[in-house]
Amino acid sequence: MRKILLMVLLLVVYVVALKAVAGYGDNSTQVARQGIIEGWVTDCADGKPLVGVTVRIVDANAGAATDASGYYIINVKAGEHTVEFSYIGMETVRHEVKISKSHHLNICMCEAASELGEVVIEAKSKVQTVRESAYNAIAIDAKALQNTTLDLAHAMEKVSGVKIRESGGLGSATQFSLNGFTGRHVKFFMDGVPMEGMGASFQINNIPVNIAERIEIYKGVVPVGFGADAIGGAVNIVTNQRRRTFVDVSYSYGSFNTHRTSVSAGHTTQSGLMMELIAYQNYSDNTFWIDNAVKDLETGQIDVNKIEHIRRFHDTYHNETVILKAGLVNKPFADRLIFSVNLGESYKETQNGVRQDVVYGQKHNRNRTVMPSVQYIKRNMLDDRLDMMLTANLNKNISHNIDTSRYEYNWRGESHYNNGKLGEQSYQDSEYDNRNWNTTFNATYRINARQSLMLNNVLTAFDRDTRATASDATLVATDTMPKTSRKNVAGISYKYHHEQRWNVSAFAKHYLQQSKGPKATDDGRGYTLADESFAALGYGVAGTAFYKDFQLKISYEKAYRLPTDSELFGDEDLEHGSAGLKAENSDNYNVNLAFNGALDRQHFIFADVGFILRNTKDYIRRVTESLSNKYFATHINHGYVRNTGFNSEVRYSYSHLVTAGVNVTYQNIRDNERSTMSSAESTTYGARIPNIPYLFANGDIELRLRDFLHKRNHLAIGYTANYVHDFPLYSERHGASGKKTVPTQFSHDASATYTIADGRYNVAIECRNLTDARLYDNFSLQKPGRAFYIKLRYFFINNK
């Protein structure tokens, strides 16, 4: 009850403060009105608000610009007028209106048919819309990156607070870290639909950036519209849904025999029939060099003082994915009614375990995914007040783990008959059939020009069956136990915005989870069936105020994060499940101040600084453990964890010639669990949580030369520097092992892109890790050294 009262008091104080900052009540605004015209301006393609649209009364000296919600209001004399809506990259719209006292006019704007205009201008408005929301959010213009070889994960590396952590090369396990929260603390969405359970061939580290229009990153408090059980934030990948006829084909080749191909094509008829194909593949031998001690297979000894420079030999990865879409758009009964199916498969050889000391030579995995889905969107119902979205998908994912070798390997690729023992880690030849289904409902009701309500509900379910695929394969006890999970997150939010000066949102979420799965007994000798259930209520408030070119954001949330399927049940291989995990809960506080303005007509600056505080209970942490001298990863609840930190970004651009930026992140994540189960003071109380970078930064600069060598041909040359300060590998309080660190890392990337005919034909050359620095991530797993890539891309669009 005290926390609820505190939240209400915080909301009241915040609204009063916002009114003071914004000058609410200023007598100068109380002008007698002869008439007004007001409404919202949205994008015809996706119904999202357009910010900064110029709204002008043609025959009067009056006008306005739309705010972050797409809203505008103009005082004008009563009578007949012509209203003009103009926006760079969009078709200009004119309406004849007759105003007596007040007039409400909602319009949508369509994109102008220009290849260059779409690539450069249109995405900027959407990025700005996200930045100016009340939530601590930032958006990446993915179109500006579509000539690169980046996947979606690496496209986000330049954002302050973001760290991409990998266990190797292409196709390796990837962790996305946001303000110190890693893995499943951050939720991922595609067009607002959860990506959880989409299968190994459809993850952020293998999806090409070409399929995205922009990437929205929410740091901390997550809008109710996503229905997320996240305490670390959320990422929403927004695909392009407005193009009439388009073809986008690219191919890249690079070091370690890496091949990447992407094909996207679509057509929407004048009658509203929409068809689209997306296909991509990734392949790499991942034969990069690492430095490690090598085991003597005859003696079984490892001389840790003798480090050899050796090449990885069993790390081939490839995946293939096809996405087919068909449906109807812009119909009286539906703005979008789309049916789609995702088909994917992947093959991954396993070179090492969760630690680099453990080497495999034949162990591998195959994965197949089939996911049908449907999306229904209808906007501007009930006198243009109600928008609704409904999605549903079913994902059938089959994973086949194969570990049947009778040989032991070392890092030189040498093998040794292992005395008849089957399996390099533990004998496996079994398939795991995962079934995920998800439904998402979202509705927004505009009460009036300044107030709106939003309702959201996300229901997800997971089931896993295990079966042996070889006659001599046997199932262990945990394979025969049920592995099921049901989650439901329901939310409601209220938003009030005062013209273009400030807006505030208050929200509540209800969390529910039921799960069954194997749980280790207390003596560690067997397993019992854990039947867990959880329910809780979360709440929060977020607000923002504008003053000239400055924006202030403040938000708080009492958030819960429900254990994911992979945390509860593992992957039946190197990741072991923990079915008894508790849900995390956290008090999240965020303060952010941003400046976005022009020094003159050619010099532009964006500066942003944010502060965070997270007090988390039952923090779910990934750890490594050993069983029969074999290492594996699992997850545990860690009592109390406190995270304080800041991140800052500064970007500068000079006309269309130069753009540069730098960002830095500091996150102080400490063990805040004072007592152990025996009531003694914990030896790690106050220590930094290990194996998490706490200080990192990057900077970049790009030079753009327009009409280079030929008119409508353009050259871009870019450079990026990445820095990670050393961080402890184990707890700093654990004697000698606590002295081990992942060393400080400094790497450089360079690129050059040449576009022909305003982006129809494109060639890009990249060099990653230019100085061939030693780079490490999870538990000192070494990443690739210097690598070169070239990419060819053809892009055609016709919006007519």
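Everything that follows concerns the structure shown earlier in this document.
All chains use their own residue numbering, which begins from 1 and follows the written sequence. Totals for whole chains, interfaces and linings use every residue, but because this is a predicted model, local features are given only for residues with pLDDT of at least 70 and side-chain atom pairs only at 80 or more, for both listing and counting. The basis for every side-chain value is the complete set of non-hydrogen atoms in the structure, without hydrogens or water.

### Remarks on the packing of aromatic side chains
Any aromatic ring pair is given by two values, namely how distant the centres are and how the planes are angled relative to each other.
Then, number 1: In this analysis, rings of Phe, Tyr and Trp, with Trp reduced to its six-membered ring, are considered paired at centre separations within 6.5 Å, and the interplanar angle assigns stacked below 30 degrees, edge-to-face beyond 60, and tilted for intermediate values. Applying the stated criterion across every chain, the model contains 19 aromatic pairs.
Then, number 2: Each ring, one from Y496 and one from W502, has its centre 5.5 Å from the other, and the planes form 45 degrees; the classification is tilted. You'll find Y496 and W502 in the same group, each marked buried.
Then, number 3: Here F550 and F595 contribute two aromatic rings whose centre-to-centre distance is 5.0 Å and whose plane-to-plane angle is 55 degrees, an arrangement assigned as tilted. Taken together, the positions of F550 in strand 32 (residues 550-561) and F595 in strand 33 (residues 584-598) put the pair 45 residues apart, joining distant regions of the chain.
Then, number 4: With a 1.4 Å probe rolled over the protein chains alone, any residue whose accessible area is under 20% of its type maximum counts as buried; one over 50% counts as exposed, and the rest are partly exposed. For F550, a relative accessible area of 41% corresponds to the partly exposed category.
Then, number 5: These aromatic residues form a ring-pair network of at least three members: F611, F646, Y666 and Y694.
Then, number 6: One residue, R446, lies across the ring of W40, its end atom 5.6 Å from the ring centre.
Then, number 7: The lysine or arginine in question, R768, covers the ring of Y789, its NZ or CZ lying 4.9 Å from the ring centre. Only DSSP runs of H or I reaching four residues or more are called helices, and only runs of E reaching two or more are called strands; each is numbered from the N terminus. Two limits define a charge over a ring: the Lys NZ or Arg CZ must be within 6 Å of the ring centre, and within 35 degrees of the ring normal.

### Things to note about the sheet that holds strand 14 (residues 212-219)
Then, number 1: One requirement defines pairing of two strands: DSSP has to find at least two bridges between them. Spatially, 5 strands are ordered 9-14-15-12-13 in an open sheet, and the strand pairing comes out mixed. Where the open sheet ends on each side, the last strands, each with one partner, are strand 9 (137-141) and strand 13 (193-194).
Then, number 2: Taken together, the 5 bridges between strand 9 and strand 14 define a ladder with antiparallel strand orientation. Note on strand 14: the bridge partner recorded for D141 is R214.

### Some points on the pairing of strand 37 (residues 640-654)
Then, number 1: In this sheet, strand 37 lies alongside strand 34 (residues 603-617) in antiparallel orientation, the contact comprising 15 bridges. Each bridged residue has a counterpart across the sheet, and for G610 the counterpart in strand 37 is N647.
Then, number 2: When strand 37 meets strand 38 (residues 658-671), the two strands line up antiparallel, connected through 14 bridges. Of the residues in strand 38, the one forming a bridge with R651 is G661.
Then, number 3: What sits between strand 37 and strand 38 in their antiparallel hairpin is a turn of 3 residues, with S655 showing a positive phi close to 50 degrees.

### Looking at the sheet that holds strand 3 (residues 62-65)
Then, number 1: An order of 3-2-5-6 is seen for the 4 strands of this open sheet, with the pairing classed as antiparallel. Of all strands in the sheet, those with a lone pairing partner are strand 3 and strand 6 (93-99), marking the two edges. Within this sheet the neighbouring strands show an average axis-to-axis angle of 20 degrees, counted without direction.
Then, number 2: Pairing of strand 2 (residues 54-57) with strand 3, which is carried by 4 bridges, proceeds in the antiparallel orientation. In the strand pairing of strand 3, V55 is matched with A64. Note on geometry: axes are lines fitted to C-alpha atoms, helical ones only across the stretch in contact, with angles between N-to-C directions running from 0 to 180 degrees.

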